[in-house]
Structure formats: structure tokens, C-alpha cells
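In case you want the letters, here they are:
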Amino acid sequence: MPALRTLSGSLNQLATTTVGVWWRCLPRLLAIAVLGWAGYRVFTYLAAMAVDVSAWLSLFVLALGFVVNLSAIIIGLRTAGEELQIRQTVPLAEDDPRDNSISHLLSITLLPFLGIYAVFDVVTDAANQIQVNYWVLNGLTFERQVLSQLNPQAEGNSLWAIVGLIIGLYVARRLIELWFERTGLRPLGLLSALVEGCFMLIVVMSGRQLVVSIGKWVDDRAFRVWLDYPGWGLQHVFGLIGVDVGAWLDQVGALWWDSVWPGISAMVVEPMLWLALAALVFGNRVISAADLWRQGRPVTLKSRRAEVNVGERQRRLALEVQEAFFGDLNDKYLPTWQSLRLVLGVGASFFAAFVICYGVLVTGEDWLTRGMYWVLGGHPAAFWSMAGPFIDLISTAVGEPLRWALLATAFHTCLALFASRGGQPVPDEPDAVAAAAGAAPASEVTER
Amino acid sequence: MTARLRRWLVAIVACAAMVGLHAYSGEFPNEHVSRASVGTPAALYDATVTVNSYAIGQVLYNDTLFQGRSGVIYLAVNITIANPRGERSVNWQVGGEANGRTFAANDLLDMPQPGFRITQDVVFELDPADLAGFTVSFLHRATIYAYDPKIVVDLGITAERADELLAADRYATVTTVKATPEVIR
Amino acid sequence: MSARGRQWLGTAAIVAMVLALTTAWAGWLNARSSPHYQQAGPGAFADPVPEGSMPIRLASLTATPVLLTDRDQVPSAAGTVWVVALLEYQPPPDGSFCMVDLVAVDGRRWSTVSVLEYTGERGHEADCLAKPGEREPVAELLYQVPEDVVDELAGLASSSTGYRGLNPYWVLTPPG
């Protein structure tokens, strides 16, 4: 079947290129992965120690940990991308220097990154881990429940205080970003990323509790029963023909929510989100360029800031205000959406090949961890608090570089496929760099 | 079918295969399971547990008290826990499993001090249909845990054996012994 | 050395540093959570719990095959003996408690016998809950151990393991 042949061809190309990139970048990627792991671990333990001072301080330290984690991912992805020469794949006249600064990248990608982690429960797992680390450090005590201190409904916390804190953090971050854009001081970019991390963590943890309590409030209302009527009606109707629709729906529901949906979200949705994130890391301009390539038009890029300078004072003010509040939209959400469309629009074979490669990689890493646990056998928690970090280090050192190589290769393949459709010649491997440099001189890029 | 549609079909099959792989892997296990059979001692850290025998009945006679409920049979599993040199552990959990469901024992285990062994009966309340394939498990788990050792003992009750047992003892009385510590010599 | 060789050297250095840090951290955690015991002087006052609040002294440790209460003579089970530990303690103003196990030289430990094991009462209280001035701060704890352990007893040690730190757990030694 030609479709299967295409799939196996894509699979083969993706896998071999990934392994090639992985092998060539291995020392650098390994160093980055290990340092990122160590940094994250240090901050999670510091967060556990900070619980005694204040739950909010420990949240801030945890945000620092996530920032370190994300920085490692960004640097790793860019290292793999440099090996594939992704930048050269898109000859750009206007290259935003901010696109190359790590702190700027951090500020763009931190929100979607934490969003992915929030959706896949990594954030709450990290918060639970703080609790466990606290017990490991201080012995088992139920006096200090970390998560409950962040719960807006718990005693001593006011809902409005938390909402105020969230709004305050958001405003603070926009102000810091404005300050950063005016002055260009690097530490400010990092600071805004940190504030954003705290904001996101608080939203995730307190927000989760809020959603749960809203759900409980709804359950307590009388109108909640109205929502059950259709279900009863259906059951009655089906009962007339002797089919127990309730039990059947329960089974289907259980199968869906316990097996199918977690599988889809972990094996299909998550890889695509990570690929979108990788696309963000490699640059907005690169994404828009590829997007425009899809329609076969040459690249036209304008800086939004340039547009603001034109026009009367009131209009400029309005645009500034719009930028202040909806800048997030343009900086983060739109590019994420664009990159998702990019990767989905490449084609079925690439999509399938990428999903298979990512799934096999992630499953292999999981089985490696399980294998190490199985070899060591069952032990009490005190043993695992010492052995656990080593096992985690080994599986991180094995899995993360491979994952970054896969994401970079997949994104490069995306670009290559788009370029070949748009008629632009594209370098496949570093050997073809010379061809690309000659094929797309700057004069071909026009302003429209 | 167009070539494009065929490619997307293959892609969907590939995604389904990955979802299946994920479902097959399942959750991260928190127990290290080792299997034992009736009569062989199995070790959990320093202590060993041996399943000696089992009996079923309609009525449970335990410590001068008769208990019984309709539709439920009692399975009393006689076990010996020997503790030559370890600390007296309070973290043992005993349970049963049959037909994909778990059963809790009626009582906590009596754990022996170092140098002692205790023979006792662990009682489960079952539906007669759950007798075949019943396994007893001993898990050593503290309040905070990561990956604990677990011993699963298959009582070896096949479907035919279950029928025989039910035919013979369905309405019998099960007497449980009081747990007394003995010195290990 | 080639560029790649230099990269591998750098990576090896980083990995070695992280491994060393992780090992040091694991070692420190281990040292804090595993109790290490130290024998107190014979018959001397010591606090079995590190950073606890009540010094306790083991006044006597005797083994007997038959336990005498005011109502009964309770023989010990076959192959075992009763061990009677007489404690003197100095309670803090709010009172405290003693949860101590009988410890053998090789580390085996036995917890106190439940009062359900015998009928009647003995001369002294079986807990250390007296506040200063209430009654005589003397307690008697009972244990039941195999016969062959009697010559290998080290003393009494605390049964709680919640302490996280580097101080030793004192083992109360019988006098003589």
C-alpha cells in the first residue's frame, strides 16, 4: 500500500535523522539535560524548605524551578536546531535580535509551557512533591499542609486576596515587560518570566481549587437535578425495550475516561503541543514564514512596533493600550495557535510518523524507569528518597536529549515539507547549507 | 478512496496503536509483586509469611461469636507470620483479589515481635462466585510510600475446586483460631 | 584534542559534579533520617528522644519467668520470659511520656506488653505521665522476649522515629 510506504518512509527518515542529530549533539545535550535536572531538583527542595516560611514563597521558588527547567529545554532545543541549521532554512531579512535572547524566549514560551504542564497535571504533581519533600526533610507531620495554604476556601485565606494577588501579578508582569521593552535590560526579561511563572502557578493551584468548589456549589443547587432528567428519560425509554442503557453508558464512559482519553491526550495531544512549543522556541518569524510559505507567497514581515509610530497621538495611545492588554494574545497565544496549525497542516504521514516516534520514545523512557525500580525491588520511602533522584537522573539523561533531538528534527522536517511545497529550496542536512545560502538572497524578500 | 484519505486513515490507525500502547503500559506500579504458593514461606523484608490452609463456610465462629449473612460466604485463610529479627512492623496490609475486584480482610493482622511467630486466620467475606482464582496479598506499605514489596499468594482454587468446595462446605461453620505468639526456635 | 573530545570532557565534568552533589545530598538525607544509637552510662539519666524533654533513668532491668500481680501469677509463654524495667524520670512542668522499646545488642527491639496480657495490677504505674509533684516519678514497663535474648539485652531505646537530625538516640543502660 502506498500510504503505508509513505508512512514507513517518513518514519525511517524521522528516526534516522533524530538519532543522527542526537549523536552529534550528545555531549552538549547531555550537559544541558543534567544541569537542568539538577537546577530543578535544587529548587524543589528549596521550595520544600521554604514552606516553613510561607506557602507563597515556596510557590515562588517552585516557579524558579520551572523557569530553570524551561531554560534547559529552550537551550537544548536550540542546540539541536543549530545542528539542523533551522535558522538557515528560513532566510529572513528582518531578524529580530530579541528572538535570539534566552530571556525573551523564556517570556514568550513560559506561559504555554506551564499551560502544557498544567493540563497534564505536572504542576499539581510538583506541588505534591513539595509536600512529600517537606515530610522527607522534617518527618511526618500534618501541621503544614502545603496545598491547603493555597486554597482560597481554606480558613485564613480570602478568595478576594488571591484574586487580587493574581491580578496584581499580571499587572506587575505587563509593567516589567514594558520597562524591558523601553530599556532592553536583560535581567528584566528574566524577572518578567519569573513573575509570569508565579502567576501561572497560583492560577493553576488556586484556580483548580476554585473550579472544584464551583463544581461543588453547582452540585448543591436545586437546578442541578434538572440536568439529570434527560439521562433518566433516556433510561426509561430504553428500559421499555429491555436495554439497560445506564450500565452500558457507564461501561463506555469508564472505558473512555480511563483508557481512551488519557491515551489520546498523552500520545497524540501532548506531542503536538510540544512540537508547537518547539516551533515557538525556534522563533515567531520562522512560524509566520512557514505559514506564508503554505500559500506559496514570499516572506513579508513587519514589526508591530513600527506600525504604532505611525498615526495621531490618540490612535497611538489606543494601540499602546491594546498592546498592553492584548499583547499576550499576539505574543503567546496566537503563535502557539499558528504553530499548531503549522504542524497539523504538514500532512498525515509526517503526523503519524511523529506521533509514533514520540510515543515510542516516551514509553521507552517510562519502561526504563520502571525497569530500574523493578530491579531494585520494593523498599520503604526513606530508601526511595535517596535512590529516586538517581533513577530520575538516569532516565532524564537518556530521554530528554532524544526528545529534544526528535522535536527539532520534526520541526525541521515540517519546514522542509512546507518549503518544498512552496517551491523554495531548503537544506536538509548541514551539507546542503551552501545551496540554501545561494538560493535565497536577501533581495528576494520584498515588502508588501 | 483518494490517496490523501488513505494516508489519514493510516495516521489514525497509528494514533490508535499509540493509544493502545499507552493503555497497555498502564499506570506506574507502586508495588513490586512477587508470587508465592500455599505452603511456601515468602519474605517481606525481615519477616516471612506462609499461607498454610484455607476453609470456607456460611457461618463464622470467632471468639465466642457467631456471624453470618445471607448470600455471603466466609473464607478463612490460615497464615503464619514469622519474625526472626526484624522490628515489629505496623505497616503490613492484607487483602484479597478475585475477578478483578479487591477484598479487605475483616481484621488487622497481628504482627509478631522479633523472635516470635504468630499463626492466625485472615477472614474475607465473599460472594460464592468470587471463590475461584482468589489470591491473598500482603503489602508492606507505610504512610509515605513509593514502591513497596508485595507478596501475592494464589490459593490455587480452580473453578472445579471452587465447585467442590462449595458443594462440600457451603453451609459449614468456619472456626478461626486466636492469634498466639510462639517463640521461633 | 578535537572539539568533540573537549565537549565530552566538559560533559563528563558536569555529570560528575551533579552525581557528586546528588550523592552528598542522599547521604545527608540518610544520615538525618536513620537513627543512630549511643549507649548511655549504666543507670545514668538520659533522654531517649533527641531534643526530647524528659531525662529517664533505667533503675533496674530484671527477667523473670513468672509475673506476679496483686491477683494472679502469670507465667510467661513457653520459651519466653518477662522482662521488667523500672524507670525513674524527671518530668517537665507539663508532663511528658515515655515510649521506649527493649533493645538487644544486635538491634532487635520489643515493644511493651499490652495490659490485656495479664490480670491485676503491679506496684508501679505503667506510664510516665506524672507531672511534677503529682506522684512519685517511677514507672514500670513490661516486655516479653525469647529466653535466649536475655543475655544480649542492651537497654531501652525510644520507639519513635520522627526525629530528623544528626543527634544520637540514647539507649538507657541498666545499672551494673
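Up top is the structure these notes are about.
Now for a look at the structure at hand. Treat the numbers as computed from the prediction; the structure is a model and nothing was measured.

**Focus on the overall build of chain B**
For step 1, the next point in the chain: When helices and strands are tallied, chain B shows two helices and 13 strands.
For step 2, the next point in the chain: Classification of the 185 residues of chain B by burial places 45% in the buried group.
For step 3, the next point in the chain: The contacts of chain B with a sequence gap of at least 6 include a subset with a gap of at least 24, amounting to 73%.
For step 4, the next point in the chain: In the structure as shown, chain B presents an accessible area of about 9600 Å², 52% of it carried by carbon and sulfur atoms.

**Things to note about helix 1 (residues 3–33) of chain C**
For step 1, the next point in the chain: Spanning 31 residues, helix 1 of chain C covers 45 Å between terminal C-alpha atoms, matching the ideal 45 Å at 1.5 Å per step.
For step 2, the next point in the chain: For helix 1 of chain C, the complete set of buried residues consists of Thr11(C), Val18(C), Thr22(C), Ala26(C), Leu29(C) and Arg32(C).

**Notes on the interface of chain A and chain B**
For step 1, the next point in the chain: Taken together, the contacts link 39 residues of chain A with 27 residues of chain B.
For step 2, the next point in the chain: The largest per-residue losses of area from chain A upon contact with chain B belong to Ala348(A), Arg370(A) and Gly378(A), which jointly make up 19% of the total buried on that side.
For step 3, the next point in the chain: Counting across the chain A and chain B interface gives zero salt bridges.
For step 4, the next point in the chain: Across the contact surface, chain A and chain B share seven residue pairs in polar contact (both at pLDDT 80 or more).
For step 5, the next point in the chain: Those elements that provide at least two residues to the side of chain A that touches chain B are helix 1 (2–50), helix 5 (122–138), helix 10 (245–282), helix 14 (348–376) and helix 15 (381–422) of chain A.
For step 6, the next point in the chain: The leading source of residues in the side of chain A that touches chain B is helix 14 of chain A, at 15 residues.
For step 7, the next point in the chain: Partitioning the side of chain A that touches chain B into residue classes produces 26 nonpolar, 11 polar and two charged.

**Observations regarding the sheet that holds strand 1 (residues 31–37) of chain B**
Residue and element names in this part refer to chain B.
For step 1, the next point in the chain: Strand order in the open sheet formed by five strands is 1-11-10-7-8, with mixed pairing between adjacent strands. In this open sheet, the two strands that pair with only one neighbour each are strand 1 and strand 8 (101–104). Going from strand to strand, the sheet's axes swing by 30 degrees on average, the running direction of each strand aside.
For step 2, the next point in the chain: By the bridge criterion, seven bridges tie strand 1 to strand 11 (residues 148–154) in an arrangement that is parallel. For valine 33, the partnering residue across the bridge sits in strand 11 and is lysine 150.

**Quick word on a nonpolar patch on the surface**
Residues and elements named next belong to chain A.
For step 1, the next point in the chain: Together, Trp217, Phe223, Val225, Trp226, Leu227, Tyr229 and Trp232 make up an exposed nonpolar region whose accessible area comes to about 840 Å².
For step 2, the next point in the chain: By secondary structure assignment, the location of phenylalanine 223 is in the loop between helix 8 (186–220) and helix 9 (229–240).
For step 3, the next point in the chain: Residue phenylalanine 223 is classed as partly exposed on the basis of its relative accessible area of 36%.

**Overview of the sheet that holds strand 5 (residues 65–68) of chain B**
All names here are of chain B.
For step 1, the next point in the chain: Read across the sheet, three strands follow the order 5-4-12 without closing on themselves; strand pairing throughout is mixed. The open sheet has two edge strands, strand 5 and strand 12 (173–175), and neither has a second partner. Within this sheet the neighbouring strands show an average axis-to-axis angle of 25 degrees, counted without direction.
For step 2, the next point in the chain: Bridge count for strand 4 (residues 59–62) against strand 12 is three bridges, and the pairing is parallel. Paired with leucine 60 across the two strands is valine 174, which belongs to strand 12.

**Notes on the packing of helix 10 of chain A against helix 1 (residues 3–25) of chain B**
For step 1, the next point in the chain: Where helix 10 of chain A meets helix 1 of chain B, the closest approach of the two axes is 8 Å, and the angle between their N-to-C directions is 115 degrees. In terms of orientation, helix 10 of chain A and helix 1 of chain B fall into the roughly perpendicular class. Regarding helix 10 of chain A and helix 1 of chain B, the two cross each other, and that crossing is right-handed. For the pair helix 10 of chain A and helix 1 of chain B, contact is made by Ser259(A), Val260(A), Pro262(A), Gly263(A), Ile264(A), Ala266(A), Met267(A) and Val268(A) and by Cys15(B), Met18(B), Val19(B), His22(B) and Ala23(B), respectively.
For step 2, the next point in the chain: Looking at the contact of helix 10 of chain A with helix 1 of chain B residue by residue, the classes come out as 10 nonpolar, three polar and no charged.

**Considering the side chain of Gln113(B)**
For step 1, the next point in the chain: With respect to the helices and strands, the residue Gln113(B) is situated in the loop between strand 8 and strand 9 (116–126).
For step 2, the next point in the chain: Among the residues examined, Gln113(B) registers a relative accessible area of 15% and is labelled buried.
For step 3, the next point in the chain: Those residues in contact with Gln113(B) that lie beyond four places of it in its chain are Asn83(B), Arg88(B), Arg109(C), Trp110(C) and Ser111(C).

**Some details on the pairing of strand 8 of chain B**
All names here are of chain B.
For step 1, the next point in the chain: Where strand 7 (residues 92–98) meets strand 8, four bridges bridge the pair, whose relative direction is antiparallel. Along strand 8, the bridge assignment pairs alanine 98 with arginine 101.
For step 2, the next point in the chain: Between strand 7 and strand 8, which pair antiparallel one after the other, the connecting turn spans two residues, and asparagine 99 there sits at a positive phi close to 55 degrees.

**Considering the nonpolar core**
For step 1, the next point in the chain: With 110 residues, the main nonpolar core has Phe66(A), Phe113(A), Trp274(A) and Phe354(A) as its most contacted residues.
For step 2, the next point in the chain: With residues near it in sequence (within four places) discarded, Phe113(A) still touches Phe66(A), Asn69(A), Leu70(A), Ile73(A), Trp274(A) and Leu277(A).
For step 3, the next point in the chain: Val49(B), Ile81(B), Phe138(B) and Ile151(B) belong to the second largest nonpolar core, which has 33 residues in total.

**Concerning the interface of chain A and chain C**
For step 1, the next point in the chain: Contact residues are listed per partner, giving 24 residues for chain A and 19 residues for chain C.
For step 2, the next point in the chain: Both sides together, the interface formed by chain A and chain C hides about 1800 Å², and carbon and sulfur atoms give 75% of it.
For step 3, the next point in the chain: Looking at the side of chain A facing chain C, the largest losses of area belong to Pro27(A), Met386(A) and Phe390(A), adding up to 29% of the total buried there.
For step 4, the next point in the chain: The tally of links from chain A across to chain C stands at zero salt bridges.
For step 5, the next point in the chain: Here chain A and chain C share four residue pairs in polar contact (both at pLDDT 80 or more) between them.

**Structural notes on the packing of aromatic side chains**
For step 1, the next point in the chain: A complete count under the given rule lists 24 aromatic pairs over all chains for this structure.
For step 2, the next point in the chain: Judged by centre distance (5.4 Å) and plane angle (70 degrees), the rings of Tyr373(A) and Tyr147(B) are edge-to-face. Residue Tyr373(A) is located in helix 14, and its partner Tyr147(B) is located in the loop between strand 10 (135–140) and strand 11; the two belong to separate chains.
For step 3, the next point in the chain: Taking relative accessible area as the criterion, Tyr373(A) reaches 14% and is therefore assigned buried.
For step 4, the next point in the chain: When its relative accessible area of 2% is taken as the criterion, Tyr147(B) is described as buried.
For step 5, the next point in the chain: Taking NZ or CZ as reference, Arg141(B) lies 3.7 Å from the ring centre of Tyr145(B), over its face.
For step 6, the next point in the chain: The side chain of Arg4(C) reaches across the aromatic face of Trp23(A), ending 5.0 Å from its centre.

So, how was this worked out
Residues take numbers from 1 onward in each chain, read along the sequence in its written order. Labels follow written order: the first chain is A, the first ligand is 1, and so on. Local features in this predicted model are restricted to residues of pLDDT 70 or higher, and side-chain atom pairs are both shown and tallied only at a pLDDT of 80 or more, whereas totals for entire chains, interfaces and linings draw on every residue. Processing note: side-chain calculations cover all non-hydrogen atoms of the structure and skip hydrogens and water entirely. Helical segments are the DSSP runs of H or I of at least four residues, strand segments are the runs of E of at least two, and each set is numbered from the N terminus. Exposure categories follow from relative accessible area, calculated using a 1.4 Å probe and restricted to protein chains: below 20% of the type maximum is buried, above 50% is exposed, and the middle band is partly exposed. Contacts were defined at the residue level, with two residues in contact if any of their heavy atoms lie within 4.5 Å. Accessible areas in this description were obtained via Shrake-Rupley with a 1.4 Å probe; residue shielding takes into account the shown protein chains only. Here, expected helix span is obtained from the residue count minus one, scaled by 1.5 Å. By buried area we mean how much accessible surface two parts lose on assembly, using a 1.4 Å probe and totalling the loss over both. We count a salt bridge whenever a side-chain nitrogen from Lys or Arg sits within 4 Å of a carboxyl oxygen from Asp or Glu. A 3.5 Å cut-off defines polar contacts: any pair of N or O atoms within that distance qualifies, except that in protein one atom must be a possible hydrogen donor and the other a possible acceptor, and neighbouring residues in sequence count only when both atoms are side-chain atoms. Gly counts as polar in this scheme, as do all residues outside two lists: the nonpolar Ala, Val, Leu, Ile, Met, Phe, Trp, Tyr, Cys and Pro, and the charged Asp, Glu, Lys and Arg. When DSSP finds two or more bridges between two strands, those strands count as paired. Angular values range over 0 to 180 degrees, each being the angle between N-to-C directions of two axes fitted as lines to C-alpha atoms, with helices fitted over their stretch in contact. Each patch is built from residues that are more than 30% exposed by relative accessible area and take part in no salt bridge. Like charges join if they lie within 9 Å; nonpolar side chains (Val, Leu, Ile, Met, Phe, Trp, Tyr) join within 5 Å. Should an angle fall under 35 degrees it is called roughly parallel, over 145 degrees roughly antiparallel, and 65 to 115 degrees roughly perpendicular, with every other angle called oblique. Working rule for handedness: look at the near helix, and if it is turned counterclockwise from the far one by less than a right angle, call the crossing left-handed; if clockwise, right-handed. Buried Ala, Val, Leu, Ile, Met, Phe, Trp, Tyr and Cys residues that are joined via side-chain atoms within 4.5 Å together make up what is termed a nonpolar core. Aromatic pairing here means that ring centres of Phe, Tyr or Trp (its six-membered ring) are within 6.5 Å. Orientation follows from the plane angle: under 30 degrees is stacked, over 60 is edge-to-face, and everything else is tilted. Note on criteria: charge over ring means Lys NZ or Arg CZ within 6 Å of the ring centre, with the direction from the centre no more than 35 degrees off the ring normal.

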